[in-house]
Amino acid sequence: MKSKKIGVNTICTHVGEVKDTQFQGAISPLFMSSSYQYDGVDVKRYPRYFNTPNQEALCKKVAALENAEAGLIFGSGMAAVSTTMLAFLHKGDHVVLQKTLYGGTYNFVVEEFHKFGIEYTFTNGFSRNDFTSAIQDNTKVIFIETPSNPLMLITDLEMITSIAKDRGLITMIDNTFASPINQNPIDFGIDICIHSATKYMGGHSDICAGAVAASQEHIDTIWNIAKNLGGSLSDHTIWLLERSMKTMALRVKAQNKNAKKLAKWLDAHDLIQKVYYPGLKNHPDHNVAKKQMRGYTGMLSFELIESINANDFMKALKLIKQSMSLAGVESTILSPAETSHALLSAEERKKQGISDGLLRFSVGIEEPKDLIEDIEQALASVVKKELV
Ligand SMILES: *Cc1c(COP(=O)(O)O)cnc(C)c1O
């Protein structure tokens, strides 16, 4: 295990930067070449080989942020998830996946794995027994995602590592919701850490990208198939992502703080039935979260009291945008039942605890008092309307 030698803000700002040897500019120059000299050089560079100067720069930053030996940057979070899974899962292999996963990952598994002859089992829950009872003789990988979407349930990283180590399984985590600022799973023995960089790493709702961090050996295995599948990211977007990541720790810490404030305020509100935020002591997984996370993210979910229509409430918001995706500096809100979990049956949603009135709130960096004021005025306007 590598210990962090420099502070997280310094990693965000500097690690990996490409030196401007020609003009001594302060930031990484952007190299857009898709053609590099091959004669007399050590490395044959090509964008789909994930090794242009800007690609390599960001790989180093992601690795440093996750305390990993190496990293890879992909064209999307799903390119990172699918390439990594296919690098380790072959015909006849079996993977145990956590019960609740990002919808795209779930679809990838149930729609594609049978074509590759890969077997899978989703756990019934999050306990040790839920995972161990799903393991078969041909199990090769355990795949988890914590905190989960949208209820922010927490999977115990040390528990997963101990289950996997006993049996020689490879562990993978989708660490998107936590971001490397709040959680470094590799420190807890997880093998491979995956991100949708579209979310906290990009942070401004304007980039689609993915990232993986792991040992050099695992990254080499992923690279071998990655260059065949071709899910690399353009240098221009990589360069923008490097700029975004310089402020990631500042942004995420501000979002953690705002979300905690909002979670507490919502929890005390008469018109709010339930709040799901791992930073609240009443969250069922608060203690596990405390053990493995430095901050509790900018993500939370809540339910309004049943007499208030969630859609009417969202439409009445003026500052908080009703929109898809998450983790931008601007606050956004959505109904999981209508968006991320719309493809599940009503019965399955109910089983997972996702009611029609549940709202997922991605808290941004605005002043918390302005967010509170917006929610307050929206609640007041729907309550008034429904009383008339
Ligand atoms: C968005 C997201 C993904 C997929 O990332 P894309 O960049 O949209 O491909 C994977 N996992 C989680 C948890 C996500 O939120």
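Residues numbered from 1 in each chain as written. Predicted model: local features only at pLDDT ≥ 70, side-chain atom pairs only at ≥ 80, totals over all residues. Heavy atoms only, no water.

- As annotated in an unreviewed UniProt entry, the protein chain is cysteine-S-conjugate beta-lyase from Patiriisocius hiemis.
- Taken from UniProt, the Cofactor (unreviewed entry) comment for the protein chain reads in full: "pyridoxal 5'-phosphate".
- In its Sequence similarities (unreviewed entry) section, UniProt records this for the protein chain: "Belongs to the trans-sulfuration enzymes family." (UniProt positions renumbered as here; feature names shortened; annotations may be inferred.)

### Considerations on the side chain of D20
Item 1. Relative to the helices and strands, D20 resides in the loop between α1 (8-14) and α2 (53-65).
Item 2. Comment: no salt bridge for buried D20; closest opposite-charge side chain is K19, at 11 Å.
Item 3. A polar contact of 3.2 Å, which involves the side chain of D20, links it to the backbone nitrogen of Q22.
Item 4. Not counting the four nearest positions on each side in its chain, D20 is found in contact with G25, I27 and P29. (Helix = DSSP H or I, 4+ residues; strand = E, 2+ residues; numbered from the N terminus. Buried < 20%, exposed > 50% of the residue type's maximum accessible area, 1.4 Å probe, protein only. Lys, Arg positive; Asp, Glu negative; His and termini not counted. Salt bridge = Lys/Arg side-chain N within 4 Å of Asp/Glu carboxyl O. Polar contact = N/O pair within 3.5 Å; in protein donor to acceptor, adjacent residues only side chain to side chain. Contact = heavy atoms within 4.5 Å.)

### Structural notes on the domain arrangement of the protein chain
Item 1. By domain assignment, the protein chain separates into domain 1 (8-245) and domain 2 (249-387).
Item 2. Between the C-alpha centres of domain 1 and domain 2 there is a distance of 27 Å.
Item 3. Roughly 3200 Å² is buried in total at the junction of domain 1 and domain 2, and carbon and sulfur atoms are behind 56% of that figure.
Item 4. Sorting the residues of domain 1 by area buried against domain 2 places L151, N182 and Y200 first, and these three jointly supply 24% of that buried surface.
Item 5. The interface formed by domain 1 and domain 2 contains two salt bridges. (Domains from an automatic or database assignment. Buried area = accessible area lost by both parts, 1.4 Å probe.)

### Focus on the sheet that holds strand β10 (residues 321-322)
Item 1. Spatial ordering of the open sheet is given by β8-β9-β12-β11-β10, a layout of five strands whose pairing is mixed. Lying at the two open borders of the sheet, with one neighbouring strand each, are β8 (272-276) and β10.
Item 2. Two strands pair when backbone bridges link them, and β10 and strand β11 (residues 332-334) are joined in this way by two bridges, in the parallel orientation. Paired with K321 across the two strands is T332, which belongs to β11.
Item 3. Its contacts with the sheet place helix α10 (residues 248-267) against β8, β9 (299-304) and β12 (358-362), and it is angled at close to 15° to β9. (Pairing = 2+ DSSP bridges. Axes fitted to C-alpha atoms, helices over the stretch in contact; angles between N-to-C directions.)

### Some thoughts on the nonpolar core
Item 1. Residues I142 and L241 are the most contacted members of the largest nonpolar core, which totals 47 residues.
Item 2. Those elements giving two or more residues to this core turn out to be α1, α2, β4 (139-145), α6 (157-167), β7 (210-214), α9 (235-246) and α10.
Item 3. Each of domain 1 (8-245) and domain 2 (249-387) gives at least three residues to this core.
Item 4. In this structure, I272, F302, V363 and I375 belong to the second largest nonpolar core, which totals 33 residues. (Core = buried A, V, L, I, M, F, W, Y, C linked by side-chain atoms within 4.5 Å.)

### Some details on the sheet that holds strand β5 (residues 170-174)
Item 1. Ordered in space as β1-β7-β6-β5-β4-β2-β3, the seven strands form an open sheet in which the pairing is mixed. The outermost strands of the open sheet, each flanked by one partner alone, are β1 (70-74) and β3 (119-122). In this sheet, adjacent strand axes meet at a mean angle of 20° when their direction is disregarded.
Item 2. Sheet analysis places strand β2 (residues 94-97) next to β4, joined by four bridges and oriented parallel. Residue pairing for β4: V96 is matched across the bridge by I142.
Item 3. Along the sheet face, α2 touches β1 and β7 and points at about 125° away from the line of β1.
Item 4. The sheet strands contacting helix α4 (residues 103-116) are β2, β3, β4 and β5, and the helix crosses β3 at an angle near 140°.

### Digging into the side chain of N256
Item 1. If you trace the backbone, N256 turns up in helix α10.
Item 2. Excluding residues within four positions of it along the chain, N256 makes contact with N182, Y277, G295, Y296, T297 and G298.

### A closer look at the site of the ligand
Item 1. Looking at the ligand, there are 14 residues lining it, with G77, M78, D174, T198 and K199 nearest.
Item 2. A distance of 2.6 Å separates a nitrogen atom of the ligand from a polar side-chain atom of D174.
Item 3. In this structure, an oxygen atom belonging to the ligand sits 2.5 Å away from a side-chain N or O atom of T198.
Item 4. Protein burial of the ligand: of its 380 Å² of free accessible surface, 92% is covered by the chains.
Item 5. Residue composition of the shell around the ligand, grouped by class: six nonpolar, five polar and three charged. (Near = heavy atom within 4 Å. Areas by Shrake-Rupley, 256 points an atom, 1.4 Å probe, with all protein chains shown as cover. Nonpolar A, V, L, I, M, F, W, Y, C, P; charged D, E, K, R; others polar.)

### Points about the packing of aromatic side chains
Item 1. All chains considered together, the criterion is met by ten aromatic pairs.
Item 2. When the centroid spacing of 6.2 Å and the interplanar angle of 70° are considered together, the rings of F113 and Y120 count as edge-to-face.
Item 3. Geometrically, the ring pair formed by Y277 and Y296 is edge-to-face, given 6.5 Å between the ring centres and 75° between the ring planes. Remark: Y296 occurs in the loop between α11 (286-292) and β9 and Y277 occurs in the loop between β8 and α11; sequence separation between them is 19 residues. The pair formed by Y277 and Y296 is uniform in burial state, with each residue classed as buried. (Phe/Tyr/Trp six-rings, centres within 6.5 Å; stacked < 30°, edge-to-face > 60°.)

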